[in-house]
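Given next are the chains, with one letter for each unit.
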Amino acid sequence: MRGTLVYAPPKRGKLRDVPLDPEVSAALQEHMDRFPPVEVTLPWLTPTGPKVTHRLVFTSSIGAAIWSQGFNDQAWKPALASAGIIPAPEKGERYAAAREHGMHALRHFYASVLLDAGENIKALSLYLSHSDPGFTLRVYTHLMPSSETRTRKAIRSMYEAASRARSRAA
């Protein structure tokens, strides 16, 4: 029964809570106003599992659950190719089967944005549902901003604050 959609918990069966910015919440609400969530019934965990109904925020054009591979091949990768991020396939060929070109890349994008903003590894590990922050550090260390840049910024901020304090005192 391979090829049957099922509901299942995310990666490794771990649920996670992730902070949601009001801007993202507003964008999701706008999407749901334009495209109301659709009730979809699928089996739980296995193709023969009990049927469960959930309201899906993102569905296909006919209101059905989205197949990740179909979405990757028909929407996501063509958008990346159109933006010049990945090469377009030759006529009659499929896009390269590279994990970093699929939707999984959004997970890495999320991690890189948080690291660039200064989020700590322990919090990122929790958001990504890694059991060990050391694993998160090993996977994402190359995305961390250079310590030299942070050092220069910290020292510059200290000097600017001291300069403002001297100006006010004068």
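Definitions and limits used
- Residues numbered from 1 in each chain as written.
- Predicted model: local features only at pLDDT ≥ 70, side-chain atom pairs only at ≥ 80, totals over all residues.
- Heavy atoms only, no water.
- Salt bridge = Lys/Arg side-chain N within 4 Å of Asp/Glu carboxyl O.
- Helix = DSSP H or I, 4+ residues; strand = E, 2+ residues; numbered from the N terminus.
- Buried < 20%, exposed > 50% of the residue type's maximum accessible area, 1.4 Å probe, protein only.
- Polar contact = N/O pair within 3.5 Å; in protein donor to acceptor, adjacent residues only side chain to side chain.
- Contact = heavy atoms within 4.5 Å.
- Expected span 1.5 Å × (residues − 1).
- Arc of directions from axis to C-beta.
- Bend = angle between axes of the 7 residues up to and from the residue.
- Core = buried A, V, L, I, M, F, W, Y, C linked by side-chain atoms within 4.5 Å.

## Details of the pattern of salt bridges
Counted according to the given criterion, the structure contains three salt bridges. For Asp132, the salt bridge is made with Arg138, and the minimal N-O distance between the two is 3.9 Å. The shortest N-O distance in the salt bridge between Glu160 and Arg156 comes to 4.0 Å. Pair noted here: Glu160 and Arg156 are both in helix 6 (residues 147-169), with a separation of four residues, about one helical turn. Exposure remark for Glu160: the relative accessible area of 39% places this residue in the partly exposed category. Judged by relative accessible area, Arg156 falls into the partly exposed class, the value being 47%.

## Quick notes on the side chain of Ser125
Turning to its location among the elements, Ser125 is positioned in helix 4 (residues 121-128). A distance of 3.2 Å separates polar atoms of two side chains, one belonging to Ser125 and the other to Thr136. With residues up to four places along the chain from it excluded, the contact list for Ser125 reads His130, Asp132, Pro133 and Thr136.

## What about helix 3 (residues 104-116)?
The end-to-end C-alpha distance of helix 3, which contains 13 residues, comes to 19 Å, matching closely the 18 Å that a straight helix rising 1.5 Å per residue would cover. For helix 3, the set of buried residues is Arg107, Ala111, Ser112, Leu114 and Leu115. Viewed end-on, helix 3 has its buried residues packed into an arc of 165°, placing them on one side of the element. Exposed side of helix 3, more than 90 degrees from the buried face: Phe109 and Asp116 are the residues found there. Looking at the buried residues of helix 3, the elements they touch are helix 4 and helix 5 (133-140). Downstream of helix 3 by a residue or two, Gly118 has a phi angle that is positive, lying close to 95°.

## Thoughts on helix 2 (residues 68-82)
Here helix 2 contains 15 residues, and its C-alpha end-to-end distance of 19 Å stays within 8% of the 21 Å for a straight helix at 1.5 Å per residue. The sharpest bend along helix 2 reaches about 35° and sits at Trp76, with the proline Pro78 one to four residues further on. Along helix 2, the residues classified as buried are Asn72, Asp73, Trp76, Lys77, Leu80 and Ala81. Those residues of helix 2 that are buried lie in contact with helix 3.

## Focus: the nonpolar core
Counting residues in each nonpolar core, the largest one holds nine residues, listed as Ala111, Leu114, Leu115, Ile121, Ala123, Leu124, Tyr127, Leu128 and Tyr140. When contributions to this core are tallied by element, the ones reaching two or more residues are helix 3 and helix 4. With five residues, helix 4 is the single largest residue contributor to this core. Leave out the neighbours within four places in its chain, and Leu128 touches Arg16, Arg107, Tyr110, Ala111, Thr136 and Tyr140.

## A short note on unusual backbone geometry
Unusually for a residue other than glycine, Leu45 sits at a positive phi of about 70°. Here the phi dihedral of Ser129 falls at roughly 65°; this positive angle occurs in a residue that is not glycine. For Ser129, the location among the structural elements is in the loop between helix 4 and helix 5.

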